[in-house]
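Tertiary structure, described
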Amino acid sequence: VDINYNVAERAAGQINAGVGYSDSEGFLINGGVKHTNFRGTGNRLSLRAETNDYAKSVGASWTDPYFTDEGVSRTISAFYRNTDQLIRIGSGFDLNSVGGAVTFGLPITEYSQLRAGLGVERNEINSAVNRDGEEQLSDELADFIDENGKEATTYELQTGWSRDTRNRTFFATRGSNTQFEFNIKGPGSDLEYYDTSFEHERYFRVGAWVPGLSDKMVLSMDGRVAQTDVWGEGEDVPPYDNFFAGGARSVRGYSNGGLGPRDSLDNPFGGQFLTTLQSDLVIPTFLDSDNKTTRFTVFYDIGNVYDKVDDYDIGNLGKSAGVSFNWFTPFFGLLRVSYAPYVEKARDSDELNRFQFSFGANF
């Protein structure tokens, strides 16, 4: 049998720019260049830059998707980041970070993959200055600097496992997505500590359970648990690697970082143990789009961040409930809006933000 093929290669290069706004980052501008078949090698080259209300960053990566005949990929990456504060509502210090990594991806099945790599990173803390030019240094940050210094170079072993069976990345209606990571700052680092996280997201068709209900009603649940702690050199985990809770992607109805410990200047300081759960029930509306471009949900979120894992108390979790609307707009990209009329504080110091929205667009 003779078979004739006509092959038309799609454009491998892409230049993109974007604008957006979110409660966590404020106004942001980003841009980048990507080529998925650089000079005909099949390798991917990516350059990117971003700036928002409190941070500026640039990064580059080079990926060989078939580094071995067995399909193992290799990515070489580097970045530089300057942040005026860790989160938008304040953290009391500036941070300069520069680093790079070599990461390998090993496919296990059609849906799952292992990841392993080595990275190096250097961080420098600079105390913040107020409008009068006076140095602002919280007691917690001063204690950390006294014990560990302002600068630290770390060498990291990065590992992870993922499994994704969702029917689509955005607005999924079935399947699940599981992510597990364990990273450790190895021997020879100025600070030796680890961080680990487990996140599981699952979608259920409610109509398949309850006869008479629309099969477009979908229940999604997204839970995350994360911890970091010292295992060797250093007196404590650096504050820039603490976890923060509150905001559109953890517990809605709270400001970004509005949950959890605060420092002596009343700025969010984060903690070493995090647990959150977001639950959304998709309700069909007259804007019905087969759940592909619009989605209206009723949500219930719960979670908190604690200074140490021993401080965890199931009765001390922030809670919120409300409604949200997501829409893939033609001009502004993904628009997210949520309102939480019900909020139950975990601490009197928790900061609320019942109405939250974000949008972003590439062009």
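Presented here is an overview of the structure given in this document.

Parameters at a glance
- Residues numbered from 1 in each chain as written.
- Predicted model: local features only at pLDDT ≥ 70, side-chain atom pairs only at ≥ 80, totals over all residues.
- Heavy atoms only, no water.
- Helix = DSSP H or I, 4+ residues; strand = E, 2+ residues; numbered from the N terminus.
- Rg over C-alpha atoms; globule rule 2.2 N^0.38 Å.
- Buried < 20%, exposed > 50% of the residue type's maximum accessible area, 1.4 Å probe, protein only.
- Areas by Shrake-Rupley, 256 points an atom, 1.4 Å probe, with all protein chains shown as cover.
- Phe/Tyr/Trp six-rings, centres within 6.5 Å; stacked < 30°, edge-to-face > 60°.
- Patch = residues over 30% accessible without salt bridge, like charges linked within 9 Å, V, L, I, M, F, W, Y side chains within 5 Å.
- Salt bridge = Lys/Arg side-chain N within 4 Å of Asp/Glu carboxyl O.
- Polar contact = N/O pair within 3.5 Å; in protein donor to acceptor, adjacent residues only side chain to side chain.
- Pairing = 2+ DSSP bridges.
- Arc of directions from axis to C-beta.
- Contact = heavy atoms within 4.5 Å.

Time to look at the overall build of the protein. Along the backbone of the protein there are 1 helix and 19 strands. Relative to the 2.2 N^0.38 estimate, which gives 21 Å for 363 residues, the radius of gyration of the protein is 22 Å and therefore close to what a compact globule would have. Taken along the three principal axes of its C-alpha coordinates, the protein extends 75 × 55 × 40 Å. Relative to its 363 residues, the protein shows a buried fraction of 42%. Of the roughly 19,500 Å² that the protein leaves accessible, carbon and sulfur atoms contribute 54%.

Let's shift gears to unusual backbone geometry. For Phe171, which is not a glycine, the phi torsion comes out positive at approximately 55°. Here Phe171 lies in the loop between strand 9 (151–164) and strand 10 (175–185). For Phe171, a relative accessible area of 7% gives the class buried. Of note, Asp266 is a non-glycine position whose phi angle comes to about 65°, a positive value. Secondary-structure assignment places Asp266 in the loop between strand 13 (253–254) and strand 14 (273–282). With a relative accessible area of 48%, Asp266 lands in the partly exposed category.

On to the environment of Gly232. You can see Gly232 is positioned in the loop between strand 12 (218–230) and strand 13. Along the backbone, Gly232 and Lys216 are 16 residues apart, and their C-alpha atoms lie at a distance of 51 Å.

We now examine the packing of aromatic side chains. In this structure the tally under the stated criterion is 9 aromatic pairs. Between the aromatic rings of Phe170 and Phe328, the centroid separation amounts to 5.2 Å while the plane-to-plane angle is 90°, which identifies the pairing as edge-to-face. Of this pair, Phe170 sits in the loop between strand 9 and strand 10 while Phe328 sits in strand 16 (residues 318–329), and the two are 158 residues apart along the sequence. Residue classification places Phe328 among the partly exposed positions, given a relative accessible area of 29%. By way of ring pairs, the aromatic residues Phe170, Phe171 and Phe328 are connected into one cluster.

Further remarks concern a nonpolar patch on the surface. Among the surface-exposed residues, Val1, Ile3, Tyr5 and Val7 lie close enough to one another that they form a single nonpolar patch of about 590 Å² accessible area. Among the secondary structure elements, Tyr5 is positioned in the segment before strand 1 (13–22).

Here we come to the side chain of Asn242. Within the fold, Asn242 resides in the loop between strand 12 and strand 13. A distance of 2.9 Å separates a polar side-chain atom of Asn242 from the backbone oxygen of Phe269.

Moving on, we come to the pairing of strand 4 (residues 55–64). Here strand 3 (residues 44–51) runs beside strand 4; their pairing, made up of 8 bridges, is antiparallel. Across the sheet, residue Leu45 finds its bridge partner in strand 4, namely Trp62. With antiparallel pairing between neighbouring strands as the criterion, strand 3 and strand 4 make up a hairpin whose turn holds 3 residues. Of the pairings in the sheet, the one linking strand 4 to strand 5 (residues 73–83) comprises 10 bridges and is antiparallel in character. Of the residues in strand 5, the one forming a bridge with Ala60 is Ala78.

Moving on, we come to helix 1 (residues 139–148). Of all the positions in helix 1, only Leu141, Ala142, Phe144, Ile145 and Asn148 are classed as buried. Down the axis of helix 1, the buried set is contained in an arc of 160°. They therefore lie on one face. Looking at the residues trailing helix 1, positive phi occurs at Gly149, about 85°.

With that settled, the discussion passes to the side chain of Arg262. Locating Arg262 in the fold gives a position in the loop between strand 13 and strand 14. A distance of 3.0 Å separates the side chain of Arg262 from the side chain of Asp266, its partner in a polar contact.

Summed over all chains, the structure comprises 11 salt bridges. Arg122 is the partner of Glu151 in a salt bridge, and the nearest nitrogen-oxygen pair spans 2.3 Å. Taken together, the residues span a long stretch of sequence, with Glu151 in strand 9 and Arg122 in strand 7 (residues 112–129) at a distance of 29 residues. What makes Glu151 partly exposed here is its relative accessible area of 39%. Here Arg262 and Asp266 are joined by a salt bridge, their closest N and O atoms 3.0 Å apart. The class of Arg262 is buried, set by a relative accessible area of 17%. The structure contains a network of salt bridges with shared partners spanning Asp164, Arg166 and Glu201.

Turning our attention to the environment of Ile283. Along the polypeptide, Ile283 turns up in the loop between strand 14 and strand 15 (294–306). Owing to a relative accessible area of 26%, Ile283 belongs among the partly exposed residues under this scheme. Ignoring anything within four residues of it in the chain, the contact list for Ile283 reads Met217, Phe296 and Val298.

In this section: the environment of Asn16. On the secondary structure map, Asn16 appears in strand 1. Residues Asn16 and Gly32, 16 residues apart in the sequence, show an inter-C-alpha distance of 5.4 Å.

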